[in-house]
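# Residue-level structure breakdown
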Amino acid sequence: MIEHHVRVHPSADRLPREDQLAWKLASVATGTEELDAGSTAMAVNRVIDNASVAVASLLRRPVAVARAQATAHRTAAPGASVFGSRSRVSPEWAAWANGTAVRELDFHDTYLAADYSHPGDNIPPLLAVAQHTGRTGADLLRGIIAAYEIHVALVKGICLHEHRIDHVAHLSAATAGGLGALLRLPTETVYQAVQQAVHTTTATRQSRKGEISSWKAYAPAFAGKAAIEAVDRAMRGETSPSPVYEGEDGFLAWMLDGPDSDYTVLLPEPGEPRRAILDTYTKEHSAEYQAQAIIDLARRLREKAGPLDQVRSIVLHTSHHTHHVIGSGANDPQKYDPTASRETLDHSVPYIFAVALEDGTWHHERSYAPDRARRPGTVELWQKITTVEDPAWTRRYHDPDPERRAFGGRAVITLADGTVIEDELALADAHPAGARPFDRPAYTGKFRTLAEGVVTRSAQDAFLDSAARLAELSAAGLGGLFPAVDTEAVAAFDASLPKGLF
């Protein structure tokens, strides 16, 4: 790997484009050729994972709204497919609808380092453009692996959260790069597209603070749509704000560490295998990733805790991020509100621990149901749960060594009689280093579970066969990556919603 130091430069420096981060990211994209076998297999897993969570969310309102907006932009062939519809639409709108479907349940892959991300959000725009432009499955794989490489490098090197910038700014750069690899565009074109994408998708993290709205699902879809549009403009010869990262009025200077910014981004050397996708991991449970190990810990503690009406308090000792983003350290009263939205409960580790401790399981719908959140016993237990930052867990969260890095915590349960019960779990069971690492059968099982009642068994088999043969698929075969569903039922649901402009 090559260390690239990224800092602010005055305009008078006329920083050569070859020394700019956007150019270096573009070079990674355009230099992605021979694909690592392990990376290719993992990319197939993530295509399966995305379809799993997309079909499970088809009848959720944000997904239906995005789909209705997209299908209002039908196009003549070729166009791109939309989950839950037979329509072919313009690719940027397919990316919008499918990106929302993938993100809605907060149930697909993740990568956590200096910042955090859901790199699977790159796949919907890449798939849409691959369909529209007649690319093959091998082309799509090249784009996915390049996008993951760029996304992971940015998340490792540049923290957005400490400045309350939403993580989709890294996503848009990765998607633009992935599109460049997919389409085999010149480095100059990808460089311009990366800069446009970053410039137009930088937003604050208010979308993930307080009363969290449906925009949480739309944010990555918006970034994917913007990246496609940026690539289109760049292909037509349009240029971009430059240097978007290093400029004296640019991203680093005014959004991040300021004029004294100095970041290190590690990128592969020319010819080095693109293996960053193997550092990423998916979710067994539909919740914020830092809650994955906490859910597994609660399930493990359920028998030890005994009658839960005897609990006096529960303190979760965990990392700075978990405490301040999804714990009581956020100082968000909404995280303890029984009437809060699903999006808010998904970011409340006190709620999640309470329900997992009571039920011994976690479900993407039942665990968030309004009547479940308002159950008196749950509310009483929930209010007794707090989080504290433990420096040891914060160090493990940020440890550069993946063998030591961990996202879990320690639970201290104090009962009414003074008895104290403690246990800890560093990694979720499904983590690559966890008790039950996710493998192809696990991804297949997740798909079948979430597709049950939505996709027939024969249609499930057809989808899984197409995904397994992704590297061999022709352009026409990419349609097999959209599991067949009852589109009439989906259309009826869509028709029940209020209309908009389109």
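Just above, that's the structure.
Right, let's walk through the structure included here. (Residues numbered from 1 in each chain as written. Predicted model: local features only at pLDDT ≥ 70, side-chain atom pairs only at ≥ 80, totals over all residues. Heavy atoms only, no water.)

### Some words on the overall build of the protein chain
- The number of helices and strands found in the protein chain is 20 helices and 10 strands.
- What you see for the protein chain is a C-alpha radius of gyration of 22 Å, in line with the 23 Å of a compact globule of 502 residues.
- Projected onto its principal axes, the C-alpha coordinates of the protein chain cover approximately 70 × 55 × 45 Å.
- The proportion of buried residues among the 502 residues of the protein chain is 60%.
- Nonlocal contacts in the protein chain, meaning residues at least 24 apart in sequence, comprise 76% of its contacts between residues at least 6 apart.
- Accessible surface for the protein chain amounts to roughly 19200 Å². Of this, 52% is attributable to carbon and sulfur atoms.
- Here the protein chain contributes 51 positive and 64 negative side-chain charges, whose respective centroids are spaced 4 Å apart. (Helix = DSSP H or I, 4+ residues; strand = E, 2+ residues; numbered from the N terminus. Rg over C-alpha atoms; globule rule 2.2 N^0.38 Å. Buried < 20%, exposed > 50% of the residue type's maximum accessible area, 1.4 Å probe, protein only. Contact = heavy atoms within 4.5 Å. Areas by Shrake-Rupley, 256 points an atom, 1.4 Å probe, with all protein chains shown as cover. Lys, Arg positive; Asp, Glu negative; His and termini not counted. Charge placed at Lys NZ, Arg CZ, Asp CG, Glu CD.)

### Observations regarding the sheet that holds strand β7 (residues 311–318)
- A sheet is described by the order of its strands in space; here four strands give the open sequence β8-β7-β9-β10, paired in mixed fashion. Looking at the sheet topology across the chains shown, the edges are occupied by β8 (385–389) and β10 (420–425). Averaged over all neighbouring strand pairs, the angle between strand axes comes to 20 degrees, with direction disregarded.
- Pairing between β7 and strand β9 (residues 409–415): seven bridges, direction antiparallel. Counterpart to Ile314 in the pairing with β9 is Ile413. (Pairing = 2+ DSSP bridges. Axes fitted to C-alpha atoms, helices over the stretch in contact; angles between N-to-C directions.)

### Topic: the packing of helix α4 (residues 91–103) against helix α9 (residues 215–235)
- Contact geometry for α4 and α9: axes closest at 8 Å, N-to-C directions at 150 degrees. Classed by the angle they form, the pair α4 and α9 counts as roughly antiparallel. Along this stretch, α4 crosses α9, giving a crossing that reads as right-handed. Residues Pro91, Glu92, Trp93, Ala95, Trp96, Gly99, Thr100 and Arg103 of α4 pack against Trp215, Lys216, Ala217, Tyr218, Pro220, Ala221, Phe222, Lys225, Ile228 and Glu229 of α9. (Parallel < 35°, antiparallel > 145°, perpendicular 65-115°, else oblique. Left-handed = near helix turned anticlockwise from the far one by under 90°.)

### Details of the packing of aromatic side chains
- Applying the stated criterion to the full structure yields 18 aromatic pairs.
- Taking the centre distance of 5.1 Å and the plane angle of 85 degrees together, the rings of Phe438 and Tyr443 count as edge-to-face. Each of the two residues, Phe438 as well as Tyr443, counts as buried.
- Seen from their ring centres, Phe447 and Phe463 are 4.7 Å apart, and the 35 degrees between their planes marks the pair as tilted. On the criterion of sequence distance, the pair formed by Phe447 in helix α18 (residues 440–451) and Phe463 in helix α19 (residues 457–468) is long-range, its members being 16 residues apart. Neither residue differs from the other here; Phe447 and Phe463 are each classed as buried.
- Put simply, the rings of Tyr111, Tyr281, Tyr289, Tyr397 and Phe407 pair up and form one aromatic cluster. (Phe/Tyr/Trp six-rings, centres within 6.5 Å; stacked < 30°, edge-to-face > 60°.)

### Details of empty space enclosed by the protein
- Going through the model one piece at a time under the given rule, you end up with three cavities of 30 Å³ or more.
- Of the voids in this model, the largest cavity is the one considered here, and its volume is about 100 Å³.
- Lining the largest cavity are 14 residues, with Tyr116, His118, His167, Glu288 and Gln290 sitting closest to its centre.
- Counted by class, the lining of the largest cavity contains four nonpolar, six polar and four charged residues.
- Computed from the structure, the second largest cavity encloses a volume of approximately 80 Å³. (1 Å grid on protein atoms, 1.4 Å probe; cavity = no way out; pocket = protein on both sides within 12 Å on 5 of 7 lines; lining within 4 Å. Points joined across faces, edges and corners; volume = space filled by probe spheres on them. Nonpolar A, V, L, I, M, F, W, Y, C, P; charged D, E, K, R; others polar.)

### Looking at the pattern of salt bridges
- One pass over the structure, following the stated rule, counts 32 salt bridges.
- As a salt-bridge pair, Lys283 and Asp106 come within 2.5 Å of each other at their nearest N and O atoms. With Lys283 in the loop between β6 (262–267) and α11 (292–305) and Asp106 in the loop between α4 and β4 (111–112), the pair connects residues that are 177 residues apart, well separated along the chain. Neither Lys283 nor Asp106 differs from the other in exposure class; each is buried.
- Put simply, Lys225 and Glu229 hold a salt bridge, and the shortest N to O gap is 2.9 Å. One end of the pair, Lys225, and the other, Glu229, are both in helix α9, four residues apart, so they sit about a helical turn from each other.
- Assessed through its relative accessible area of 15%, Lys225 is described here as buried.
- Among the residues examined, Glu229 registers a relative accessible area of 27% and is labelled partly exposed.
- It is possible to trace a salt-bridge network through shared partners that takes in Arg103, Asp106, Lys216, Lys283 and Asp346. (Salt bridge = Lys/Arg side-chain N within 4 Å of Asp/Glu carboxyl O.)

### A look at the layout of surface pockets
- A volume near 630 Å³ is recorded for the largest pocket.
- In terms of lining, the largest pocket is formed by 30 residues, of which the most central are Ala56, His363, His364, Thr449 and Leu450.
- At the level of elements, α2 (37–56), α18 and α20 (487–495) are the ones that each hand at least two residues to the lining of the largest pocket.
- Considering every element that reaches the lining of the largest pocket, the biggest residue donor is α18, with five residues.
- Taken together, the residues of the lining of the largest pocket break down into 13 nonpolar, nine polar and eight charged.

### Some remarks on the side chain of His317
- Relative to the helices and strands, His317 is located in strand β7.
- His317 sits in the buried class, given a relative accessible area of 19%.
- Not counting residues within four places of it along the chain, the set of residues in contact with His317 comprises Val388, Asp390, Trp393, Gly409, Arg410 and Val412.

### Observations concerning the environment of Leu141
- Of note, Leu141 is situated in helix α6 (residues 137–157).
- Between the C-alpha atoms of Leu141 and Arg46, which are 95 residues apart in sequence, the distance is 11 Å.
- In this view, Leu141 contacts Leu35, Thr40, Ala43, Val44, Leu470 and Ala471; residues no more than four positions away in its chain are not counted.

### So, the pairing of β6
- Of the two faces of β6, the one lined by Tyr263, Val265 and Leu267 is fully buried and the one lined by Asp262, Thr264 and Leu266 carries no buried residue.
- Strand direction decides the pairing type here: strand β1 (residues 2–7) and β6, joined by six bridges, are antiparallel. Within β6, the residue paired with Val6 across the bridge is Tyr263.

### Here's the deal with the side chain of Arg142
- Note that Arg142 resides in helix α6.
- A distance of 3.2 Å separates a polar atom in the side chain of Arg142 from a polar atom in the side chain of Asp139.
- Filtering out sequence-adjacent residues up to four positions away, Arg142 remains in contact with Thr32, Leu35, Ala181, Leu182 and Arg184. (Polar contact = N/O pair within 3.5 Å; in protein donor to acceptor, adjacent residues only side chain to side chain.)

### A few points about helix α3 (residues 61–71)
- Among all positions of α3, only Pro62, Val63, Ala64, Ala66, Arg67, Ala70 and Thr71 are buried.
- Of the surrounding secondary structure, the elements contacted by the buried residues of α3 are β3 (88–89), α4, α9 and α20.

### Remarks on the packing of α4 against helix α5 (residues 123–133)
- Remark: α4 packs on α5, axes separated minimally by 8 Å, with the N-to-C direction vectors making an angle of 145 degrees. The hand of the α4/α5 crossing is right-handed. Between α4, through Pro91, Ala94, Ala95, Asn98, Gly99 and Val102, and α5, the contact on the second element is made entirely by Pro124, Pro125, Ala128, Val129 and His132.
- Here the residues of the contact of α4 with α5 sort into eight nonpolar, three polar and no charged.

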